[in-house]
Amino acid sequence: MDHETLHAYLARKVSDADLRDLLDQIASACWSISSLVAGSALQGQQGDSGLVNPQGEVQKPLDLLADVVFARSCAAHPKVATLISEEVEDVVTLKDPKPGDFVVSYDPLDGSSNLDVNLSVGSIFAVSRVSNGYQLPTGRDLICAGYAIYGPSTMLVLTVGEGVNGFSLDPETDTFFLTHPEMMVPEDTAEFAINISRQRYWDAAILKYVTDCIDGPIGPRGKEFNMRWTASMVAEVHRILVRGGVFLYPVDANNRAQGGKLRLLYEAYPMALIMEAAGAAATDGRAPLLDIHPVGPHQRTSVVLGSRAEVVQVAAAYD
Ligand code: AHG
Ligand code: MN
Ligand code: MN
């Protein structure tokens with residue numbers, strides 16, 4: 001194999017040694033979570049834990065285990081001041097935050113409804129720096145974002161600002177290798193992803209956009225569209241990075257009171273940074289997700305991301 005290792009890639013691309021170490025620690029957390037996911041049936045870690053997270057969602061045993069693994073890996077780094085996790089109500093302050101210290105926001109296990117049915121799940125994370133004492137990072141503060149996907153193979157997909165690179169875990173050596181350099185999302189696509197069972201709750205704009213796709217060659221779009229839904233944002237984003245597509249989890253009449261379904265800090269922001277770095281777009285339907293100002297750690301948002309031409313079509317449907 002002549003692929004570059006993640007370690008060598010980081011040494012080449014990330015000049016700040018502290019950030020490099022943090023990304024190494026995060027990669028090792030993802031490697032551990034990958035083993036936990038793979039062994040979950042054998043270890044009796046399937047089903048529900050009987051507990052709920054800050055958003056009132058049932059937690060799986062692996063949601064909790066993955067959170068502990070991720071938090072421990074980050075906390076072992078001397079410059080991580082703050083952790084924001086999907087599974088933890090309050091922002092966790094690890095040390096007196098100094099300017100330049102790191103804030104890590106993460107969803108330790110995304111798509112966890114797929115665990116018991118052996119479909120792809122993942123971990124999502126974003127890194128920013130403490131600026132003026134403690135505050136929630138905005139999208140434009142992020143210096144790095146990524147996700148791990150635990151699928152047929154485990155991959156780590158990363159942006160450190162410029163470009164998006166995908167690393168595959170070699171199970172023989174437990175090492176991530178660069179297999180997908182400079183991933184770019186095609187501008188155009190004929191594939192969309194939305195949970196269509198929520199149709200009766202949609203705004204008129206989303207209904208129009210999806211109806212036009214489904215009408216295919218006989219509708220205003222004049223071309224055939226395909227649909228995919230895996231109920232795992234990591235898997236949808238990965239598919240979009242590899243072959244294009246658009247993913248929608250809009251605010252609708254059923255989730256408007258909470259602000260949507262997906263969480264801004266550890267789901268929408270990191271995926272938006274990755275999308276923008278891969279030449280794609282990520283909005284709340286109208287405006288860039290990275291421009292939304294956060295007001296709480298578990299704030300939710302509407303999400304439309306992927307191939308630029310389709311994200312623009314959705315915005316046009318709103319106008
Ligand atoms: P999580 O498992 O962290 O709660 O997130 C699941 C999210 C996202 O991954 C996925 O796109 C969406 O919820 C699935 O929603 P539906 O259950 O409506 O399909
Ligand atoms: Mn999630
Ligand atoms: Mn989760």
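Further up the page is the structure itself.
It should be emphasised that the depicted structure is a prediction, and the values quoted were computed from it without experimental measurement.

Participant: Help me out: how do you make sense of the nonpolar core in this one?
Facilitator: A general tendency of soluble globular proteins is for nonpolar side chains to be buried together. By size, the foremost hydrophobic cluster in this structure holds 46 residues, and its most contacted members are Y147, M233, L241, F247, M271, M275 and L305. Among the elements of the structure, β3 (80–85), β6 (121–129), β7 (142–150), β8 (154–159), α5 (233–243), β13 (246–249), α6 (264–277) and β17 (303–306) are those that each provide at least two residues to this core. It is α6 that contributes the most residues to this core, 11 residues altogether. When residues of this core are assigned to domains, at least three map to each of domain 1 (6–180) and domain 2 (191–318). M271 has contacts with I124, Y147, M233, V234, V237 and L305, leaving out every residue within four places of it along the chain. If you look at the next biggest cluster of nonpolar residues, it comprises 38 residues, including V104, V121, F125 and L158.

Participant: Any chance you could explain the coordination of the manganese ion (ligand 3) here in plain terms?
Facilitator: Metal coordination angles have textbook ideals: 109.5 degrees for a tetrahedral set of four donors and 90 or 180 degrees for an octahedral set of six. Only E86 (OE), D107 (OD) and L109 (O) from the protein coordinate the manganese ion (ligand 3), and they sit 2.1 to 2.2 Å from it. Classification of L109 by relative accessible area gives buried; the value is 2%.

Participant: Honestly, the coordination of the manganese ion (ligand 2) in this entry has me stumped. Any pointers?
Facilitator: With distances of 1.9 to 2.2 Å, the protein atoms coordinating the manganese ion (ligand 2) are D107 (OD), D110 (OD) and E267 (OE). The sequence pattern describing where the donors of the manganese ion (ligand 2) fall on their chain is D-x2-D-x156-E.

Participant: Help me out: how do you make sense of the site of ligand 1 in this one?
Facilitator: Inspection of the region around ligand 1 gives 18 residues, with D110, G111, N195, M233 and Y249 positioned closest. The backbone of L109 places a nitrogen or oxygen atom 3.5 Å from an oxygen atom of ligand 1. Within the complex, the protein chains bury 85% of what would otherwise be the 480 Å² of accessible surface of ligand 1. Mapped by element, the contributors of at least two residues to the shell around ligand 1 are β5 (102–110), β13 and β14 (262–263). Its residues placed into classes, the shell around ligand 1 shows seven nonpolar, four polar and seven charged. Domain assignment of the residues forming the shell around ligand 1 places at least three in each of domain 1 (6–180) and domain 2 (191–318).

Participant: Honestly, the packing of aromatic side chains in this entry has me stumped. Any pointers?
Facilitator: The description of an aromatic ring pair uses the distance of the two centres, along with the angle that the planes make with each other. Tallied over the entire structure, the rule returns six aromatic pairs. When the ring of F70 is compared with that of F125, the centres are 6.3 Å apart and the planes differ by 40°; the resulting orientation is tilted. Of this pair, F70 sits in helix α3 (residues 61–75) while F125 sits in strand β6, placing them 55 residues apart in sequence. With a relative accessible area of 0%, F70 lands in the buried category. Residue F125 is classed as buried on the basis of its relative accessible area of 1%. Ring centres of W229 and F247 lie 5.5 Å apart, and the angle between their planes is 5°; this geometry places the pair in the stacked category. Here W229 is found in the loop between β12 (226–227) and α5, whereas its partner F247 is found in strand β13, with 18 residues between them in sequence. Residue classification places W229 among the partly exposed positions, given a relative accessible area of 27%. Three or more aromatic residues joined by ring pairs form one cluster here, namely F70, Y106 and F125.

Participant: Before we go on, may I ask you to explain helix α7 (residues 308–318) in this structure?
Facilitator: Working note: α-helix, 3.6 residues per turn, so residues spaced by three or four point in the same direction. Taken together, the buried positions of α7 are occupied by E310, V311, V314, A315 and Y318. One side of α7 holds all its buried residues, which, seen down the axis, span an arc of 145°. Buried residues in α7 make contact with α4 (204–215), β13, β15 (281–283) and β17.

Participant: It is not clear to me how the packing of α5 against α6 should be interpreted in this structure. Could you clarify?
Facilitator: Between two packed helices, what matters for the description is the angle formed by their axes and the separation of those axes. At a closest axis distance of 12 Å, the pairing of α5 and α6 adopts a crossing angle of 10°. Relative to α6, the element α5 is oriented roughly parallel. Packed against α5, whose contacting residues are M233, V234, V237, I240 and L241, the element α6 presents E267, M271, I274 and M275 at the interface. For the contact of α5 with α6, the per-class residue count stands at eight nonpolar, no polar and one charged.

Analysis parameters
- Residues numbered from 1 in each chain as written.
- Chains lettered and ligands numbered in written order.
- Predicted model: local features only at pLDDT ≥ 70, side-chain atom pairs only at ≥ 80, totals over all residues.
- Heavy atoms only, no water.
- Core = buried A, V, L, I, M, F, W, Y, C linked by side-chain atoms within 4.5 Å.
- Buried < 20%, exposed > 50% of the residue type's maximum accessible area, 1.4 Å probe, protein only.
- Helix = DSSP H or I, 4+ residues; strand = E, 2+ residues; numbered from the N terminus.
- Domains from an automatic or database assignment.
- Contact = heavy atoms within 4.5 Å.
- Donors = N, O, S within 2.8 Å, 3.2 Å for Na, K, Ca; no water.
- Near = heavy atom within 4 Å.
- Polar contact = N/O pair within 3.5 Å; in protein donor to acceptor, adjacent residues only side chain to side chain.
- Areas by Shrake-Rupley, 256 points an atom, 1.4 Å probe, with all protein chains shown as cover.
- Nonpolar A, V, L, I, M, F, W, Y, C, P; charged D, E, K, R; others polar.
- Phe/Tyr/Trp six-rings, centres within 6.5 Å; stacked < 30°, edge-to-face > 60°.
- Arc of directions from axis to C-beta.
- Axes fitted to C-alpha atoms, helices over the stretch in contact; angles between N-to-C directions.
- Parallel < 35°, antiparallel > 145°, perpendicular 65-115°, else oblique.

In short, the description is geometric, and any link to function would need to be established separately.
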